[in-house]
Amino acid sequence: MTQLRIGTRGSPLALAQAHEVRDRLIAAHPELAAPEAIAIEVISTTGDRVQDRKLSEIGGKGLFTKEIEDALLDGRIDLAVHSMKDVPTWLPEGLEIPVILPREDPRDALFSPHGATLADLPPGALVGTASLRRQAQVLRVRPDLKVAPVRGNVQTRLRKLGDGEVDATLLAAAGLRRLGQADLIQAVLAPEEMLPAVAQGAIGLESRREDARTYGYLVALDDPVSHLRVTAERACLAILDGSCRTPIAAFAELEGASGLRLRALVAMPDGSASWAGEERGGSDQAAALGRALGERLRSEAGEGFFAALGVA
């Protein structure tokens, strides 16, 4: 008898993440190793089906989660597995994300035959990425470069690079590692060169708030350090916007035994203007630090900036 139904997207990375969750659940609860105790349900999302346009043009982050959350709300699944960088800031009523798994490498990987850093790219080089965050940071430091939207899985993006359609592309290091393809990584960009997306490299488990049975299975899987870092980054995101229309980056890391450092950036999509800052404090202040930094950057950027991008 199936005891837990896991909902996930059908991409290779999403399936790898769902199987990681299944394995962690079995390790924590041996009774779930019984045949058919855990079922993985593949749910097609709009974000997966529409590959020829930027997310900002077709609705934003919720395109990777809405159909899965609908299945959660109507009881077809018991928990959803998400890449936290794809999760909107505000969840549907009745749902929560009580668990964050141990975070993978949150940095971006650069692929190019021309070098290992953005500075190595030749003048006028074409960088393939559909991420406004990556686009803004690329153009912020190299306004001479050009950016073209490229979406799809790892193989699709690397094929376009190999075919010479672009001179460079960027991928999340975490995804490559989870796919067992870390050997493909040519160079990893330090946060000082490319600040990661909010919660990049983190997997979140979403469930119904009143479902005590599922929560009882999930709670043992939570990684407190990763949860703190994601909490700080998403609190900052909530103040700054939370959609795909605004280039936003945030990166939290522990300092010492109980400190937390949060860095964040908001920018114009063309990199022509940007505002960056950081906050430090106790790790028990994760959400407060995120809100404080978000409010400071929002004040510095000015409401005209957000209005120009169509953000309230």
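Remember, predicted model here, so these are calculated numbers, not experimental data. (Residues numbered from 1 in each chain as written. Predicted model: local features only at pLDDT ≥ 70, side-chain atom pairs only at ≥ 80, totals over all residues. Heavy atoms only, no water.)

(A) A look at the environment of Ala267. Here Ala267 is to be found in strand β12 (residues 259–267). Counting along the chain gives 192 residues from Ala267 to Gly75, while the straight-line C-alpha distance between them is 40 Å. (Helix = DSSP H or I, 4+ residues; strand = E, 2+ residues; numbered from the N terminus.)

(B) Representation of the sheet that holds β12. One open sheet holds the three strands; their spatial order is β11-β12-β13, and the pairing between them is antiparallel. One side of each edge strand has no neighbouring strand; the edge strands of this open sheet are β11 (248–255) and β13 (274–282). The average angle at which neighbouring strand axes cross in this sheet is 10 degrees, direction not considered. As paired strands, β12 and β13 are joined by nine bridges and run antiparallel to one another. Bridge assignment links Leu260 to a residue of β13, and that residue is Gly281. (Pairing = 2+ DSSP bridges. Axes fitted to C-alpha atoms, helices over the stretch in contact; angles between N-to-C directions.)

(C) Looking closely at the pairing of strand β1 (residues 4–8). With four of its five residues buried, β1 lies for the most part within the structure. Strand direction decides the pairing type here: β1 and strand β2 (residues 38–42), joined by five bridges, are parallel. Among the inter-strand pairings, Leu4 is bridged to a residue of β2, identified as Ile38. With helix α1 (residues 12–28) bridging β1 and the parallel β2, this β-α-β connection has right-handed handedness. Where β1 lies against strand β3 (residues 79–83), two bridges are found, and the strand directions are parallel. Across the sheet, the residue bridging to Gly7 is Ala80, located in β3. (Buried < 20%, exposed > 50% of the residue type's maximum accessible area, 1.4 Å probe, protein only. Right-handed = clockwise from strand over helix to strand, strands pointing away.)

(D) Representation of the environment of Ala220 within the structure. You can see Ala220 is positioned in the loop between α8 (212–218) and α9 (224–240). Under the relative-accessibility criterion, Ala220 is labelled exposed at 54%. Separated by 191 residues in the primary sequence, Ala220 and His29 place their C-alpha atoms 9.2 Å from one another.

(E) Quick peek at the packing of aromatic side chains. All chains considered together, the criterion is met by two aromatic pairs. Three or more aromatic residues link up through ring pairs in this structure, and these residues are Trp275, Phe305 and Phe306. Positioned over the ring face of Phe306 is Arg298, at 4.0 Å from the centre of the ring. (Phe/Tyr/Trp six-rings, centres within 6.5 Å; stacked < 30°, edge-to-face > 60°. Lys NZ or Arg CZ within 6 Å of the ring centre and 35° of its normal.)

(F) Molecular detail of unusual backbone geometry. You will see that Glu36, though not glycine, has its phi angle at about 65 degrees, which is positive. Assessed through its relative accessible area of 61%, Glu36 is described here as exposed. For Ala199, which is not glycine, the phi dihedral falls at a positive 65 degrees.

(G) Quick peek at α1. Between its terminal C-alpha atoms α1 stretches 24 Å, which fits the 24 Å expected from 17 residues at 1.5 Å a residue. Listing the buried residues of α1 in full gives Ala14, Gln17, Ala18, Val21 and Leu25. Along the axis of α1, the buried positions cluster into a sector of 100 degrees, meaning they face one direction only. Buried positions along α1 lie against β1, β2, β3, α7 (173–178), β10 (203–208) and α8. (Expected span 1.5 Å × (residues − 1). Arc of directions from axis to C-beta. Contact = heavy atoms within 4.5 Å.)

(H) Local environment of the sheet that holds β3. Taking strand neighbours across the sheet as the criterion, the five strands line up as β2-β1-β3-β10-β4 in an open arrangement whose pairing is mixed. The outermost strands of the open sheet, each flanked by one partner alone, are β2 and β4 (95–100). Between one strand and the next, the sheet's axes are offset by a mean angle of 30 degrees, whatever the strand orientation. Most of the contacts of helix α4 (residues 66–73) go to β3, to which it runs at about 160 degrees, and overall it touches β1, β3, β4 and β10.

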